[in-house]
Structure formats: structure tokens, C-alpha cells
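Chains, contacts and geometry: an overview
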Amino acid sequence: MTTENLPEARPLSELAGASSGSEWLARYQDSLMGVFGTPQRVLVRGQGCYVWDADGKQYLDLLGGIAVNALGHAHPFVTSVISSQLSTLGHVSNFFTSPTQVALAEKLLQVTGAPSGSKVFFANSGTEANEAAFKLARRNRGTPEKPRTKVVALEGAFHGRTMGALALTAKKAYREPFEPLPGGVVHVAFGDLDALAAAVDETTQAVFLEPIQGEAGVIPLPAGYLAAARKITHDAGALLIVDEVQTGMGRTGTWLAIEGSGIVPDAVSLAKGLGGGFPIGALVTFGADNSARLAAGQHGTTFGGNPVATAAALATVHAIETQGVLANVRSVGERLRSALAALPEVAQVRGRGLLIGIDLVGPGGDGTAVAAGANLAGAVVNAALEAGFIINAPGPRTIRLAPPLILTAEQADTFIAALPGLVATAAGQLAAAEKETT
């Protein structure tokens, strides 16, 4: 086949039949499964920290595809690398390798500080990286006389929605429709070292934890917890597996959120920001013993580590390294957290870098202005969308920010200035709705 008679390149939305946002949403309802509910908007274009919907409205993206778009939208270097790689070599299967796959693995071992003998397994997503980690944990089998069968995770944990990762995830609403899940997983109270120590024994294969629980509302582990968890697992012969799917690759201002904790885990899972918007996940096994737990044929994936995905990730890591991105995350993140914490509508601010959880109260700090059971955060998300900001509500009183790591101070300031008005608008709408039902 030649390219001589191919049609001229046109925007994909035009080829699919350009229409308004409402028309696209109607078509969505007719053609896609409803697992995500109704989409809030139909987005058609992005540039930097901004996106535009099908009706031409502009939004400041403070969610970044849920911590995925590390360098914003349409980053010119990442886009050029992906285009160049795709025009050269797109997919080869895992019977072969490629220079980008090898180079990315080497780079991840470097930036994560993994010791000699460490290795990388590439997947397509965070949940796939955690599935690989779960299988790694199962290989810590103990002996026939003293078998290991138990995996420990924390209450509030979110490790994914496929069956193995879902067994590690704590939320009942996610788990119960699909039980029975893979067995042997127990959840202990978040941040409670006594509960962790009591659960981890000679039957334990591994402990899974997130340094900051994003889906639970951006809740960091208490100071000293990681070091204590490392000692507890080491003494019991259990693995310590750290889920950095959301916190890794610069999100907290360092390559990994566990930097500075003094621990060396047995494995770390990565995804989200790793590819700068292109789907890729990774499991980094620390040390030769852990790297040897999964042998040839014991795990695999068709698309994991393909040349385009690994090229996208290499470009993303290179840009973070060379364009002052980590320093920007630290400075803009601190600016956001300190300014937001000073607002009367904010009860508490949590997080690190540009992963931020904000607990809200009513307008002007009046907690009584909003009914106790009302979903204030959800109403604020809707008000923010109308005002041109994309944010997220992991809880009824909590909003989450996970913007591109290139967010500027000026862009952050626009949201800081807008938030009191957004809370007032949301509270007013909730009060009006309550009046109508009484």
C-alpha cells in the first residue's frame, strides 16, 4: 500500500463527525459502558496546563489526568519523541527488545536509587505494575514446613481495580461486587504501627503501602512509619512493596516520595506520570534476590515496554531532569499549600509537592453553613468546572489537586483567589437544593 492516495490529515474529531459537547455526550451514552458515569465535559485539545472542551471553553487543569500529565498537554519535546519513534518502530513484542526499553530501565534504576542487581518490569498501567508486584509477593513462599500465604495492606489503600490489585485495595464499594477476590489479604489500620506489627509474622509474604494515599484524600503516612515498616517486614522475612504509582516520578518534588525516609524497599511500582500522558507502568525490584523471584515465563504482557511507550517515558524523564521541574514542584507546591491553608474556607491542607488534599468548611469558615451530610467537595468541583478549573473530590469535604508539574505560580494564584468564591457558590447551591426537598 502506498501513501499517494491517502486522504489529507484532518483532526480526528472532524473525521469522527464534529459536533457539540452535548451531542458527543449523547453518543457516548449510546456506545460506551457506563463504568465512569457521565463524563463532565468532552475535551478536545490541550496545551501546557490548559485544556479546551468541544464547545471551546478553556480550563486550567489542576488534576492532570489524575497525576498523569506530568509535563502538561502537548509538550513539544515529548510529542516530537513519540512521533519520531512511532515513525521508526512502533511495536515488536517481548520476543525482542529495543534501545528505548533498555535505556528507560537503566534510567529508572538510576533515579530510584536501586542497588546493584535491581531490575525493571514494564507494564501498561499502575494496576498492572501492582499485579506484577502481587505475583512477586507470592513468590516469597516460605518453606513447605512454614509456608507464607498472607499479604498485608492498609485501610484506605488503593492499588488498582483488576482482581489481584483489587484484593489489595481497601474500599468495600470497589471490592464487594467482585468477591471472592484472591485470598490471603488482610487490611490493617492506616498509620497504626502496633496493628502492622501484630499482622506481620512468619506467614506474611509482603506488606503493600502507599507513602501518601491519594484516593483516600491525600493522606501521608505518619513520620517514621516507613522506617518502622521496613524493620517489621525485614525481621519477619516479608517483602516491603511501595506503591508509588501516584506519588512517583517527581509528583512530590523528588523522584520517589520515599526519598529521605532512609529505607530500601523490596520493590516499587510506578505509572501515571512516568509516560507524561502515554500509558506505561513499571515495577522496579530492588536487589538481586528480589529480581530473581519471577523467572522466564512466570509473568508477561503484550504491550508492556514497547518502543513508543518507553520513548515517551524517556522523554518525560529527560525533561523533568533538564528543565528544573522538580524545583518547580517544590516551590509552587509550597506556595499552593501555604496560601490555601490560610483561607477561612479551608480546614486542613495535606500532601507534598503538587499532590495536595484540601479539607473544606463552609463559606468564611462557617462549618454550619453547609449541612453535615452534604457533598460540599462535589459541589465545589462542579462550581470550579463552571469557572474554568478542573479539580477532583476524593471525599465529601475533600478536594484533590494533582496538576501538571510545570504549573506556574501565576496559574496557582488564580485558583487560590477563586476558591473562596467557589465554596460560597457551592454552599449556596446546596442550601437551595436542601430547601427544595424540605
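So, here's what we can say about the structure. Computed from a prediction, not measured in an experiment: that's the story for all the values here. (Residues numbered from 1 in each chain as written. Predicted model: local features only at pLDDT ≥ 70, side-chain atom pairs only at ≥ 80, totals over all residues. Heavy atoms only, no water.)

1. A few points about unusual backbone geometry
- In this model, Glu179 is joined to Pro180 through a cis peptide bond whose omega is 10°.
- Note on placement: Pro180 falls in the loop between helix H8 (172-175) and strand S6 (185-188).
- For Val218, which is not glycine, the phi dihedral falls at a positive 60°.
- Position of Val218 relative to the elements: it lies in the loop between strand S8 (212-213) and strand S9 (219-220).
- In the Ramachandran plot, Met249 falls in the positive-phi region, its phi being about 60° despite a non-glycine side chain. (Helix = DSSP H or I, 4+ residues; strand = E, 2+ residues; numbered from the N terminus.)

2. Some words on the sheet that holds strand S13 (residues 346-352)
- Strand order in the open sheet made by the 4 strands is S13-S14-S17-S16, with antiparallel pairing throughout. Where the open sheet ends on each side, the last strands, each with one partner, are S13 and strand S16 (392-395). Direction aside, the axes of adjacent strands within the sheet are offset by 30° on average.
- Sheet topology note: the S16/strand S17 (residues 398-401) ladder contains 2 bridges and is antiparallel. Within S17, the residue paired with Asn392 across the bridge is Arg400.
- This element, helix H13 (residues 325-341), spans S13, strand S14 (355-360) and S17 of the sheet and lies at about 165° to S13.
- Taken strand by strand, helix H14 (residues 376-387) contacts S14, S16 and S17, and its axis lies near 175° from that of S16. (Pairing = 2+ DSSP bridges. Axes fitted to C-alpha atoms, helices over the stretch in contact; angles between N-to-C directions. Contact = heavy atoms within 4.5 Å.)

3. Some remarks on helix H6 (residues 126-138)
- A rise of 1.5 Å per residue sets the reference length of H6, with its 13 residues, at 18 Å; its end C-alpha atoms lie 18 Å apart and thus fit the reference within 8%.
- Within H6, 10 of the 13 residues are buried, which leaves the element mostly enclosed by the surrounding structure.
- Taken together, the buried positions of H6 are occupied by Gly126, Thr127, Ala129, Asn130, Glu131, Ala132, Ala133, Phe134, Leu136 and Ala137.
- Backbone nitrogen of Glu128 and a side-chain oxygen of the N-cap are separated by 3.2 Å at the start of H6; the cap is Ser125. (Expected span 1.5 Å × (residues − 1). Buried < 20%, exposed > 50% of the residue type's maximum accessible area, 1.4 Å probe, protein only. Polar contact = N/O pair within 3.5 Å; in protein donor to acceptor, adjacent residues only side chain to side chain.)

4. Digging into the pairing of strand S7 (residues 204-209)
- Within S7, 6 of the 6 residues are buried, leaving the element largely enclosed by the surrounding structure.
- Alignment of strand S5 (residues 150-154) against S7, held across 3 bridges, turns out to be parallel. Paired with Val152 across the two strands is Val207, which belongs to S7.
- Bridge count between S7 and strand S10 (residues 239-243): 4 bridges; the pairing is parallel. Looking at the pairing, Leu209 lines up with Val242 of S10.

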